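Topology and contacts: notes
Okay, here's what each chain looks like letter by letter:
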Amino acid sequence: MRRLVAGTGWKMNNGIAASRRYAEELKARIAPLDTSAIDIYVLPPFTSLAAAAQAFAGSPVAVGGQNMHWEDSGSWTGEISAPMLLEAGCRYVELAHSERLQHFGETYAQVRRKVDKAMSAGLVPVVCLGESAPEKAEGRADAVLAGQLLASIDGQPDERIPEIILAYEPRWAIGAAEAASPSYVEERHRALRAVLREHRGESVAERTRIIYGGSVTPENGGAILALGDVDGLFVGRAAWEPGGFARIVELVAGAAKRKAAARKP
Ligand code: PGA
């Protein structure tokens, strides 16, 4: 049984004071919910990480970075390392977000090194995978996704793959007016799981979480979460207010109960 995930990346929003306010309000809003069966994370900007980690301490909400370098230290101006994220109180790190790839020229060859470092440091990597609009139009989505996935996990032993969270985030659906349709999401998640099965075996495929991100809202999230191969939601704009994320957390906690009940004989 895969634990469902509710995550939000704040991108370049929320300084220290705003992060503390967000944390207090989110904690209050999710306190009445049973979140014991799900994993919850928020990804603040680097300068807010320590304050956010402190504010969420003792709550079900973990904190993570939005990016990371593959070396521990050195002459890498403007970069942040895994030990720094850990010291700031992080448990997760997002890698390969499309804005990093598009605007800052990151590549999956770099992502592979970052995954390697995150895993050895004890951070949970959330690895984004997604096809562009032209790749979708050319019918190449699954081939592109397979290439990104295999590049990201190259060199990782089978038994550690399920510790990685894969985030399917079609580039054309990020920051867009609408999410991908549930049927489109279902096909891509199924194809990604098939790649895992083919290359890493049934057990890895069954245990690895694949979450969806890209214009998720409390309104469209339920239909996406109901899909068998979708193991959680990764939300941007709709979770930038704590009330929005609280509604996403509630959806995911409810879906976890339903999926668990459906598995009982
Ligand atoms: P969005 O962002 O929900 O605002 O589309 C998603 C993401 O970038 O992960």
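Everything discussed here concerns the structure shown above.
Below is a summary of the structure that appears in this document. In this text the structure is predicted, and so the values were computed from the model without any measurement.

Side note on the overall build of the protein
When its secondary structure is counted, the protein shows eleven helices and eight strands. In terms of C-alpha radius of gyration, the protein reaches 17 Å, essentially the compact-globule figure of 18 Å for 265 residues. With respect to the principal axes defined by its C-alpha atoms, the protein has extents near 50 × 45 × 35 Å. With 265 residues in all, the protein has 53% of them scored as buried. For the protein, contacts bridging at least 24 residues in sequence account for 72% of all contacts bridging at least 6.

Observations regarding the packing of helix α7 (residues 141–153) against helix α8 (residues 182–200)
The contact between α7 and α8 brings their axes to 10 Å, and the two run at 45°. Regarding the angle of α7 to α8, the classification is oblique. Crossing angle aside, the handedness with which α7 passes α8 is right-handed. When α7 is examined against α8, the residues A141, D142, L145, A146, L149, L150 and I153 are found in contact with a partner set consisting of Y184, R188, A191, L192, V195, L196, H199 and R200. Residues of the contact of α7 with α8, tallied by class, amount to eleven nonpolar, one polar and three charged.

A short note on the sheet that holds strand β7 (residues 209–213)
Strands sit in the order β1-β2-β3-β4-β5-β6-β7-β8 around a closed barrel of eight strands; the barrel is parallel. If you compare each strand with its neighbour and ignore which way they point, the axes differ by 25° on average. Helix α2 (residues 49–56) rests against β2 (38–43) and β3 (61–65) of the sheet, and its axis sits at about 170° to β3. Docked against the sheet, α8 engages β5 (124–129), β6 (165–168) and β7, running at close to 150° with respect to β7.

Concerning unusual backbone geometry
In this model, N14 sits at a positive phi of 80°, which is unusual for a non-glycine residue. Mapped onto the fold, N14 is located in the loop between β1 (4–9) and α1 (16–30). The phi dihedral of A96 is positive, around 70°, even though this residue is not glycine.

Structural notes on the pattern of salt bridges
When the charged atoms of two side chains with opposite charge come close together, those side chains can pair. Taken as a whole, this structure holds 22 salt bridges when the rule is applied. Across the pair D158 and R200 runs a salt bridge whose closest N-O atoms are separated by 2.6 Å. Of this pair, D158 sits in the loop between α7 and β6 while R200 is found in helix α8, placing the two residues 42 residues apart along the sequence. Between R193 and D231 there is a salt bridge, with the nearest N and O atoms lying 2.8 Å from each other. Of this pair, R193 sits in helix α8 while D231 sits in the loop between α10 (221–225) and β8 (232–235), placing them 38 residues apart in sequence. An identical accessibility class is assigned to R193 and D231; each is buried. The structure contains a network of salt bridges with shared partners spanning R2, R193, R197, E202, E206, D229 and D231.

Examining the site of the ligand
For the ligand, the full set of nearby residues is K11, H97, E169, A173, I174, G175, G214, S215, G236 and R237. Taking E169, its side chain carries an N or O atom lying 2.9 Å from an oxygen atom of the ligand. Compared with its free state, where it exposes 280 Å², the ligand has 97% of that area covered by protein. At a threshold of 2 Å from the grid points, most atoms of the ligand map onto the largest pocket. For the shell around the ligand, a count of residues per class yields two nonpolar, five polar and three charged.

Some points on the nonpolar core
Membership of the largest hydrophobic core comes to 83 residues, with the highest contact counts inside it found for L26, F56, Y212 and F245. A per-element tally of this core places helix α11 (residues 242–263) first, with eight residues. If near-sequence neighbours (up to four positions away) are discounted, L26 is found in contact with V42, F56, V61, P242, F245 and A246.

Quick notes on the rules
- Residues numbered from 1 in each chain as written.
- Predicted model: local features only at pLDDT ≥ 70, side-chain atom pairs only at ≥ 80, totals over all residues.
- Heavy atoms only, no water.
- Helix = DSSP H or I, 4+ residues; strand = E, 2+ residues; numbered from the N terminus.
- Rg over C-alpha atoms; globule rule 2.2 N^0.38 Å.
- Buried < 20%, exposed > 50% of the residue type's maximum accessible area, 1.4 Å probe, protein only.
- Contact = heavy atoms within 4.5 Å.
- Axes fitted to C-alpha atoms, helices over the stretch in contact; angles between N-to-C directions.
- Parallel < 35°, antiparallel > 145°, perpendicular 65-115°, else oblique.
- Left-handed = near helix turned anticlockwise from the far one by under 90°.
- Nonpolar A, V, L, I, M, F, W, Y, C, P; charged D, E, K, R; others polar.
- Pairing = 2+ DSSP bridges.
- Salt bridge = Lys/Arg side-chain N within 4 Å of Asp/Glu carboxyl O.
- Near = heavy atom within 4 Å.
- Polar contact = N/O pair within 3.5 Å; in protein donor to acceptor, adjacent residues only side chain to side chain.
- Areas by Shrake-Rupley, 256 points an atom, 1.4 Å probe, with all protein chains shown as cover.
- 1 Å grid on protein atoms, 1.4 Å probe; cavity = no way out; pocket = protein on both sides within 12 Å on 5 of 7 lines; lining within 4 Å.
- Sits in = over half its atoms within 2 Å of the grid points.
- Core = buried A, V, L, I, M, F, W, Y, C linked by side-chain atoms within 4.5 Å.

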